[in-house]
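Below, each chain spelled out in residue letters.
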Amino acid sequence: MPTTQDISAAADTPTLSVRTVWISDLHLGTPGCQAKALLDFLRDVECETLYLVGDIIDGWQLRRSWYWPQSHNDVVQKLLRKARKGTRVVFIPGNHDEFARKYLSNNFGGVEVLEEDMHVTADGKKLWITHGDLYDGVIQCARWLAIAGDLAYEFTLKVNRWFNHIRAKCGLPYWSLSRYLKHKVKRAVSYINEFENAVAREAKKRGAHGVVCGHIHHAEIREIDGILYCNDGDWVESLTALVEHFDGRLEIVDRGDQAALPGMSTVPKSTAIPISLPVPAAAKATAPEVLS
């Protein structure tokens, strides 16, 4: 008979071994955070470097109303445990956890706090790592509008949870209202495109082959004017992460099926396919180096 310790050890046995993992927009401290699915992912993955690419803790929400269940504390403890066991954990603050920008270049429990970083992949690509909010015109020029948008997003998530409880009773799969609006509303699509182009231009200025960011909750890997644009998504709705395999290939890992509510059917997802774009010829001439 397996003991409780055996079962616990088996639950923490990694099933995915990669070189690097990027996750962002966890929004710990909000009811929308999918902490259980996130904790399952952190247990399943083993990596040399783990980047926390901003909006890990939602300071905006916590200032309005305190919300911190045990599952959110479990996520923090798991991240610290990974750091203790030898994983390099790098935290790059975003706009929702901007309070952490007061502590840049410090180390807390093995977690490095950096404003940005330059990561070199196994095949020599230089990837600039930033949350992305500093290149968002709304955040920088109309903070009040960003806060109003955050409140509207929070309301949309509440409506979405209520709506999906009804769908669950009908045996229907999970459906995201905010993701639908982002992809269907013309101005939202335009905003996403402007953001993507802005961070890609900045990556090119910095001599990087590509950029890894978060902020807009839209996971994607694509090329923009010769720059590899990678967004690792979020852990509120899409439940995605970006990983680098040991040969340098980049892949979006999608755990979106775990967003379903109890009793709700899920739409089967195909296994994610590793995506690797060629390094631009001009960029190959640049010798790789790590900036911190």
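Up top is the structure these notes are about.
Residues numbered from 1 in each chain as written. Predicted model: local features only at pLDDT ≥ 70, side-chain atom pairs only at ≥ 80, totals over all residues. Heavy atoms only, no water.

Section: unusual backbone geometry
Working step 1: One non-glycine residue with positive phi stands out, namely His217, at about 55°.
Working step 2: By the secondary structure assignment, His217 is in the loop between strand S10 (210-213) and strand S11 (220-224).
Working step 3: Under the relative-accessibility criterion, His217 is labelled buried at 9%.
Working step 4: Backbone geometry places Leu239, a non-glycine residue, at a positive phi of 55°. (Helix = DSSP H or I, 4+ residues; strand = E, 2+ residues; numbered from the N terminus. Buried < 20%, exposed > 50% of the residue type's maximum accessible area, 1.4 Å probe, protein only.)

A short note on the side chain of Glu244
Working step 1: The residue Glu244 is located in strand S13 (residues 240-244) in this model.
Working step 2: For Glu244, a relative accessible area of 0% puts it in the buried group.
Working step 3: At 2.7 Å, the side chain of Glu244 and the side chain of Thr20 are in polar contact. (Polar contact = N/O pair within 3.5 Å; in protein donor to acceptor, adjacent residues only side chain to side chain.)

Regarding the sheet that holds strand S12 (residues 227-231)
Working step 1: What the five strands build is an open sheet, ordered S8-S9-S10-S12-S11; its pairing is mixed. Sheet topology places strand S8 (117-120) and S11 at the edges, where each strand pairs with a single neighbour. On average, each strand axis in the sheet is tilted by 25° relative to the strand beside it, whichever way the strands run.
Working step 2: The sheet contact formed by S8 and strand S9 (residues 126-129) spans four bridges and is antiparallel. Bridge assignment links Met118 to a residue of S9, and that residue is Trp128. (Pairing = 2+ DSSP bridges. Axes fitted to C-alpha atoms, helices over the stretch in contact; angles between N-to-C directions.)

Observations regarding the nonpolar core
Working step 1: One finds Val21, Ile23, Phe41, Leu50, Leu52, Val75 and Trp235 to be the most contacted residues of the largest nonpolar core, which totals 30 residues.
Working step 2: Only strand S2 (20-23), helix H2 (35-44), strand S4 (49-52), helix H4 (70-84), strand S5 (88-91), strand S7 (111-113) and S13 provide two or more residues apiece to this core.
Working step 3: Top element by residues in this core is H2. It accounts for six residues.
Working step 4: Ignoring any residue separated from it by four or fewer positions in sequence, one finds Val75 in contact with Leu28, Ala35, Leu38, Leu39 and Leu42.
Working step 5: Within the second largest apolar cluster, 15 residues are counted, among which are Trp22, Leu114, Ile221 and Ile252. (Core = buried A, V, L, I, M, F, W, Y, C linked by side-chain atoms within 4.5 Å. Contact = heavy atoms within 4.5 Å.)

Here we look at the sheet that holds S13
Working step 1: Strand order in the open sheet formed by seven strands is S6-S7-S5-S4-S2-S13-S14, and the pairing between neighbours is mixed. Only two strands of the sheet have a single neighbouring strand rather than two, namely strand S6 (107-108) and strand S14 (250-254).
Working step 2: Bridge analysis of S6 against S7 gives two bridges, and the strand direction is antiparallel. Its bridge partner being in S7, Asn107 is matched across the sheet by Glu112.
Working step 3: Relative to the sheet, H2 contacts S2, S13 and S14, its axis offset from that of S2 by approximately 170°.
Working step 4: Where H4 meets the sheet, its contacts fall on S4, S5, S6 and S7, and the angle it forms with S4 comes to roughly 145°.

Regarding the pairing of S11
Working step 1: Looking at chain direction, S11 and S12 are connected through five bridges and run antiparallel. Counted as the bridge partner of Glu223 is Leu228 from S12.
Working step 2: The turn joining S11 and S12, which pair antiparallel and follow one another in sequence, is formed by two residues; a positive phi near 50° is taken by Asp225.

Topic: the packing of aromatic side chains
Working step 1: As enumerated under the stated definition, the model contains five aromatic pairs in all.
Working step 2: Centre to centre, the rings of Phe41 and Trp235 are 5.4 Å apart; their planes meet at 35°, and the pair counts as tilted. Of this pair, Phe41 sits in helix H2 while Trp235 sits in the loop between S12 and S13, and the two are 194 residues apart along the sequence. Of the two residues examined, Phe41 and Trp235, each falls in the buried class.
Working step 3: Pairing Trp128 with Tyr135 gives two aromatic rings, centres 5.5 Å apart and planes at 80°, and the pair type is edge-to-face. (Phe/Tyr/Trp six-rings, centres within 6.5 Å; stacked < 30°, edge-to-face > 60°.)

Description of H4
Working step 1: An ideal rise of 1.5 Å per residue puts 21 Å on 15 residues; H4 measures up with 21 Å between its terminal C-alpha atoms.
Working step 2: Inspection of H4 places His72, Val75, Lys78, Leu79, Lys82 and Ala83 among the buried residues, and these make up the whole buried set. Projected onto a plane normal to the axis of H4, the buried residues spread over an arc of 140° and lie on a single side. Among the exposed residues of H4, those pointing more than 90 degrees away from its buried face are Gln70 and Arg84.
Working step 3: Buried residues along H4 sit in contact with H2, strand S3 (45-46), S4, S5 and S7.
Working step 4: Count one or two residues on from H4 and you reach Gly86, which has phi positive near 110°. (Expected span 1.5 Å × (residues − 1). Arc of directions from axis to C-beta.)

From the geometry alone we can't say anything about function, so treat these as descriptive.
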